[in-house]
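# Structural overview
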Amino acid sequence: SQQGEEDPQALSIQEGENATMNCSYKTSINNLQWYRQNSGRGLVHLILIRSNEREKHSGRLRVTLDTSKKSSSLLITASRAADTASYFCATGAQKLVFGQGTRLTINP
Amino acid sequence: EAGVAQSPRYKIIEKRQSVAFWCNPISGHATLYWYQQILGQGPKLLIQFQNNGVVDDSQLPKDRFSAERLKGVDSTLKIQPAKLEDSAVYLCASSFNRQTGELFFGEGSRLTVL
């Protein structure tokens, strides 16, 4: 069974706009990770946020974590065509379990 | 630093045939994972190795799937006999240790079973 579930399943926005994806999970966590997957490629790690952190930034990425609601969000600011990809959240103490992903399309 | 290497990238076989995938993790990474990713879904963990020992294979269909990691480095994943529902991308990943740090993924091996 999947631990994290992303929402929405698909998102299409114009280049330059911000994109927000959400992840909900079921059990308590030590940390939560976000990965990106370009079409036909492997997954690439984006960011890890620990359970005692509320917000983390990395370049144009901003991740928030609300452990009381068991949810996380990934914000990509000033989106670019190259951001078109699937984005997955992943959690797990000893084994990493991925959600179904959000397919993000950036339209030029 | 070389990444995770996988081969072959693509494989097409008939059902009931066998297939094997190979993975070479990043040097020094003790933990190796095989994930199955069906089109449109997230990766599902099949098996996790710590050095050459199995940590978790609870979701590996052991009647047809097998995996080994001899000498704690390279790994092979075998499917015999293949079924139509095995059509998927098989992703290998490695990490320095299994305390849920960052995973490094290979490009995957896409299997089509006809």
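Residues numbered from 1 in each chain as written. Chains lettered and ligands numbered in written order. Predicted model: local features only at pLDDT ≥ 70, side-chain atom pairs only at ≥ 80, totals over all residues. Heavy atoms only, no water.

## Focus: the overall build of chain B
When helices and strands are tallied, chain B shows zero helices and eleven strands. Structurally, chain B occupies a C-alpha span of about 35 × 25 × 25 Å along its principal axes. Going through the 114 residues of chain B one by one, you find that 45% of them count as buried. Within chain B, residue pairs in contact and separated by at least 24 positions form 54% of the contacts whose partners lie at least 6 positions apart. Here chain B displays about 5600 Å² of accessible surface, and carbon together with sulfur accounts for 50% of that area. In chain B, which carries 13 positive and 11 negative side-chain charges, the distance between the mean positions of the two groups comes to 5 Å. (Helix = DSSP H or I, 4+ residues; strand = E, 2+ residues; numbered from the N terminus. Buried < 20%, exposed > 50% of the residue type's maximum accessible area, 1.4 Å probe, protein only. Contact = heavy atoms within 4.5 Å. Areas by Shrake-Rupley, 256 points an atom, 1.4 Å probe, with all protein chains shown as cover. Lys, Arg positive; Asp, Glu negative; His and termini not counted. Charge placed at Lys NZ, Arg CZ, Asp CG, Glu CD.)

## Structural notes on the interface of chain A and chain B
At the interface, 21 residues of chain A touch 23 residues of chain B. Both sides of the chain A and chain B interface together cover about 1700 Å² of buried area, and 41% of this is carbon and sulfur. On the chain A side of the interface with chain B, the three residues burying the most area are L43(A), Q94(A) and K95(A), jointly 30% of the side's total. At the boundary of chain A with chain B, the tally comes to two salt bridges. Taking the shortest distance from any N to any O, the salt bridge between D56(B) and K95(A) comes out at 3.3 Å. Seen at the junction of chain A and chain B, the total is eight residue pairs in polar contact (both at pLDDT 80 or more). Of all the secondary-structure elements, those providing two or more residues to the side of chain A that touches chain B are β4 (31-37) and β5 (43-50) of chain A. With four residues, β4(A) is the single largest residue contributor to the side of chain A that touches chain B. In terms of residue class, the side of chain A that touches chain B is built from seven nonpolar, twelve polar and two charged. (Buried area = accessible area lost by both parts, 1.4 Å probe. Salt bridge = Lys/Arg side-chain N within 4 Å of Asp/Glu carboxyl O. Polar contact = N/O pair within 3.5 Å; in protein donor to acceptor, adjacent residues only side chain to side chain. Nonpolar A, V, L, I, M, F, W, Y, C, P; charged D, E, K, R; others polar.)

## A short note on the side chain of D86(B)
Residues and elements named next belong to chain B. Structurally, D86 can be placed in the loop between β8 (75-79) and β9 (88-95). Its relative accessible area of 2% is what places D86 among the buried residues. A polar side-chain atom of D86 sits 2.8 Å from the main-chain amide nitrogen of K83. Sequence-distant contacts of D86, defined by excluding residues within four places in its chain, comprise Q36, R64, F65, I79, P81, L111 and V113.

## So, the sheet that holds strand β3 (residues 19-24) of chain B
Paired through their backbone hydrogen bonds, the strands of a sheet run either parallel or antiparallel. Residue and element names in this part refer to chain B. What the four strands build is an open sheet, ordered β1-β3-β8-β7; its pairing is antiparallel. Here the strands that pair on one side only, and so sit at the sheet edges, are β1 (5-7) and β7 (65-68). Within the sheet, the average angular offset between the axes of one strand and its neighbour, ignoring direction, is 15 degrees. Pairing analysis gives three bridges linking β1 to β3, with the strands arranged antiparallel. Bridging from a neighbouring strand, Q6 pairs with C23 of β3. (Pairing = 2+ DSSP bridges. Axes fitted to C-alpha atoms, helices over the stretch in contact; angles between N-to-C directions.)

## What about the pattern of salt bridges?
All names here are of chain A. Taken as a whole and judged by the stated rule, the model has six salt bridges over all chains. Across the salt bridge formed by D83 and R60, the nearest N and O atoms sit 2.9 Å from each other. Residue D83 is located in the loop between β8 (71-76) and β9 (85-91), and its partner R60 is located in the loop between β6 (55-58) and β7 (61-66); the two are separated by 23 residues in the primary sequence. With relative accessibility at 23%, the residue R60 sits in the partly exposed group.

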